[in-house]
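Structural overview for review
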Amino acid sequence: MRSSLMPLGPPVSRDRIIDTFPKWYTPDASLQLKEHFHGQVSAACERRNTGTVGLKLSKVVVVGDLYVGKTSLIHRFCKNIFDRDYKATIGVDFEIERFEIAGIPYSLQIWDTAGQEKFKCIASAYYRGAQVIITAFDLTDVQTLEHTRQWLEDALRENEVGSCFIFLVGTKKDLLSGAACEQAEAEAVHLANEMQAEYWSVSAKTGENVKAFFSRVAALAFEQSVLQELEKRNSARPQVGDGNLIRMEENSPETQDSKRPFSLGCC
Ligand SMILES: Nc1nc2c(ncn2[C@@H]2O[C@H](COP(=O)(O)OP(=O)(O)OP(=O)(O)O)[C@@H](O)[C@H]2O)c(=O)[nH]1
Ligand SMILES: [Mg+2]
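In this convention, every chain numbers its residues from 1, walking through the sequence in written order. Working convention: letters from A go to chains and numbers from 1 go to ligands, in the order in which they are written. At least 70 in pLDDT is required for a residue's local features to be given in this predicted model, at least 80 for side-chain atom pairs to be given and counted, and no such filter applies to totals for whole chains, interfaces and linings, which use all residues. Just so you know, side-chain values use all the structure's heavy atoms and leave hydrogens and water out.

1. Observations regarding the pattern of salt bridges
A carboxyl oxygen of Asp or Glu within 4 Å of a side-chain nitrogen of Lys or Arg is what we treat as a salt bridge. Applying the stated criterion to the full structure yields 15 salt bridges. A salt bridge links arginine 149 to glutamate 194; the nearest nitrogen and oxygen atoms lie 2.2 Å apart. One end of the pair, arginine 149, is in helix α5 (residues 148-157); the other, glutamate 194, is in helix α6 (residues 178-195), and 45 residues separate them in sequence. Among the ionic pairs, glutamate 198 bridges to arginine 216, the shortest N-O distance being 2.8 Å. Of this pair, glutamate 198 sits in strand β8 (residues 198-201) while arginine 216 is found in helix α7 (residues 210-236), placing the two residues 18 residues apart along the sequence. Neither glutamate 198 nor arginine 216 differs from the other in exposure class; each is buried. Because the salt bridges share partners, they merge into one network encompassing Lys120, Glu153, Asp154 and Arg157. Elements are defined by DSSP. Helices are runs of H or I of four residues or more, strands are runs of E of two residues or more, and each kind is numbered from the N terminus. The cut-offs for exposure are 20% and 50% of the maximum accessible area for each residue type, with area from a 1.4 Å probe on protein chains only; residues under the lower value are buried, those over the upper are exposed, and the others partly exposed.

Next comes the structure, spelled out in structure tokens:
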């Protein structure tokens, strides 16, 4: 199941309002290079005609080795806190973050999973139904980058092929600078391309890029949710066919159009 219904709440905070399509971190490893919402999505949002999108929770799963900073990244974004002390995640945890995107309410359910081997079987039970998979590694520890392939493989096994946006995120950016940072990022960008992932460097300690990163995640997931909603509606729309029969039209130009971003933008 991709998402579940949730009740409407109070207005979202100002820094969760997204009006323009958030940009990528680097064009060398980006899922989409466009700078605006898809035309059909903007039109649907203007008409407030996005169906149940505003009532659903889109699932985001964060995976990666222990100690890379998954919990810290989520806590920096959702609670604006940073804890220097390490407290291992046991199994899984989640946060719900509410946005308003192009005037439409939208929510992410962000799942924080344990990196420790002994909790892996508990955590992996929660991979299913992810719209976004975030594979995190520590920019100062190349081994954790190497392990992201395996984390991604495990998460994808529980999901339909091509149904998830994939991000590769280098954490603890504050600990690296200059040539060392460039070298680590270059290796990560290379791997991100192999994984068909979008690459970001972040720091939970300073907050660098954290909000921009999650805004990008939310906008890509939102756009996909709206397009899926429109596609569902279009393909179910009855049309009068030859001989005055009512038939379901699968190949209308509108339906074809709304499919295009999936092949371009999604993994
Ligand atoms: N300097 C610095 N330290 C960080 C950053 N992010 C996390 N840390 C530290 O790294 C350690 C591990 O962070 P966690 O967020 O608990 O790591 P985790 O990936 O959730 O670990 P598990 O739950 O065991 O999988 C903690 O001591 C954090 O304070 C960062 O951006 N910069
Ligand atoms: Mg943790």
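2. Topic: the coordination of the magnesium ion (ligand 2)
Looking at the magnesium ion (ligand 2), the protein donor atoms are Thr71 (OG1) and Thr89 (OG1), and they sit 2.0 Å from it. Of this pair, threonine 71 sits in helix α2 (residues 70-79) while threonine 89 sits in the loop between α2 and β4 (92-101), placing them 18 residues apart in sequence. For Na, K and Ca the donor cut-off is 3.2 Å, and for all other metals it is 2.8 Å, counting N, O and S atoms only; because water is absent from this set, sites may look incomplete.

3. Regarding the packing of aromatic side chains
Under the pairing criterion, centres of Phe, Tyr and Trp rings, with the six-membered ring standing for Trp, must be within 6.5 Å; the plane angle then separates stacked pairs below 30 degrees from edge-to-face pairs above 60, leaving the rest tilted. Evaluation of the coordinates by the stated rule reveals 14 aromatic pairs. Here the aromatic residues Tyr25, Phe77, Phe99, Phe137, Phe167, Tyr199, Trp200, Phe213 and Phe214 are joined through ring pairs into a cluster of three or more. Positioned above the aromatic ring of phenylalanine 77 is the side chain of arginine 16, whose terminal nitrogen or guanidinium carbon lies 3.9 Å from the ring centre. The ring of tryptophan 111 is capped by lysine 59, whose NZ or CZ atom sits 5.3 Å from the centre of that ring. In this scheme, the term charge over a ring applies when either NZ of a lysine or CZ of an arginine sits within 6 Å of the ring centre and within 35 degrees of the ring normal.

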